[in-house]
Structures are given as C-alpha cells and as structure tokens.
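# Structural overview for review
Below, each chain spelled out in residue letters.
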Amino acid sequence: SKTAVRMRSVDFELGYSDENVPLLKFERVDALLARFIFRHVNAGNTDAPIKAIGSNLVFDRSEFKDNILDDERSLIEVLGGWVDVQNSVFVGNTGGGGITYDDSAGGTVTYSTFANNSAYAVRNVSGESKPIIISNNIFANTAQTASLLINNASTGKTLLYNNLFYEGAMGALIDGIREQV
C-alpha cells in the first residue's frame, strides 16, 4: 500500500547532497507539495536531488531557484508513477533543468515558468512511458540545450499545447532521441 502525504510551505535552502543520494526520495507515496521552495541547493554528483519512484506527486505553486546540479541533471526525476507540476517556477538553475520522466513515468506540466536554466526543462527519456502533457508554460533562455528533450521511440505520447518558447538565436526548442538499432 501507499502512504499519503501533504506538505505545505516547506523550504529547502542551502542544502548539499553528494554520493549520489537524493535529498528527497518519494517511494510508493501519494503526495501533494504546495508552496514547496527548493533554493540554493548544491546537488553535487546526485542524479537528481528529488526522486519519485512509483509515486504520484503534485507540485503546486512551487519554486526551484538558483540550484547547482552536475552534468545536465534534472531537479526532479520520475521513475514510474505520475508527477504533476503546476503553477511553479524553475529559474536560474546551473548545470541542470527541471523534470525527467523515465521508466514508464507520466504526468503533466502546466502553467509553469522555466527560465535561465542550463539544461532541459522537461525530458521524456523513457522508451515506454505514459502520456506527458505539457501545456500553458513559458520556456525562456535555456543556456546549453533545447527547452525539451523527447525520446522518439516512446510508446506514450508527449503532448504540447499553448506553450510560449523564447530562446536566443542559438537555442533550440526541442531535441529528440532516436534509439540506435
């Protein structure tokens, strides 16, 4: 059975994680995280500072700002389950970006802003995923990559609706992965 959790107005500031251990790990949990603040965290060599494994999470009115990640990592990694991000802000994250959906994961990203991050805002890298719906967001000034990364071999659908993209002259909107046979 799953555990149900509701977290409101929780601040993680000036944290540090290393040794490939996430700061927050949700495993088989249903959780609502409202007004969740994640700022000035140095994630070191961690795959992702927030990891959801087989969980159903909702981040609402949350802020992910000025965090340091290594090697184009994401702040949130979803392995199975479902994660919704709504009315949230991902700004000024160095070395990384927003959310990675992997390993049969799905979710929605709606009414959120991704600006001045140095890696993908949303990545669908699973070969077999549930639908990922990305709508009514603002994507601006992604430094080293495109705003989105979508696996072309995914059996689920990545659906884009009513998003605003503002990338500089060298920036791309969407990158794709095509698996080699």
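Up top you'll find the structure we're talking about.
What this report covers is the structure whose coordinates are included nearby. (Residues numbered from 1 in each chain as written. Predicted model: local features only at pLDDT ≥ 70, side-chain atom pairs only at ≥ 80, totals over all residues. Heavy atoms only, no water.)

### Some words on the pattern of salt bridges
Inspection of every chain in the model, using the stated rule, returns five salt bridges. The partner of Glu-77 in a salt bridge is Lys-51, and the shortest N-O contact between them spans 3.5 Å. One end of the pair, Glu-77, is in strand E8 (residues 68-86); the other, Lys-51, is in strand E6 (residues 50-60), with 26 residues separating them in the sequence. The class for Lys-51 is buried, based on a relative accessible area of 14%. (Salt bridge = Lys/Arg side-chain N within 4 Å of Asp/Glu carboxyl O. Helix = DSSP H or I, 4+ residues; strand = E, 2+ residues; numbered from the N terminus. Buried < 20%, exposed > 50% of the residue type's maximum accessible area, 1.4 Å probe, protein only.)

### Concerning the side chain of Ser-112
For Ser-112, the location among the structural elements is in the loop between strand E11 (106-110) and strand E12 (113-115). Within polar-contact distance, the side chain of Ser-112 engages the backbone oxygen of Thr-110 at 3.1 Å. Residues contacting Ser-112, with those up to four places away along its chain left out, are Val-85, Gln-86, Asn-87, Ser-88, Asn-136, Asn-137 and Ile-138. (Polar contact = N/O pair within 3.5 Å; in protein donor to acceptor, adjacent residues only side chain to side chain. Contact = heavy atoms within 4.5 Å.)

### Quick look at the side chain of Asp-84
Residue position: Asp-84 is located in strand E8. Buried within the structure, Asp-84 lacks any salt-bridge partner; its nearest side chain of opposite charge belongs to Lys-130, at an N-O separation of 11 Å. A polar contact is formed between the side chain of Asp-84 and the side chain of Trp-82, at a distance of 2.7 Å. (Lys, Arg positive; Asp, Glu negative; His and termini not counted.)

### A word on the nonpolar core
Core analysis: the largest hydrophobic core is formed by 32 residues, its most contacted members being Ile-50, Phe-59, Phe-64, Ile-76, Ile-99, Tyr-101 and Val-122. When residues of this core are traced back to their parent elements, those giving at least two are strand E3 (24-27), strand E4 (29-34), E6, E8, strand E10 (94-102) and strand E14 (132-135). Ranked by residue count, the leading element in this core is E8, at six residues. If sequence neighbours within four positions are ignored, Ile-50 has contacts with Leu-24, Phe-26, Phe-36, Phe-38, Phe-59, Phe-64, Leu-75, Ile-76 and Glu-77. (Core = buried A, V, L, I, M, F, W, Y, C linked by side-chain atoms within 4.5 Å.)

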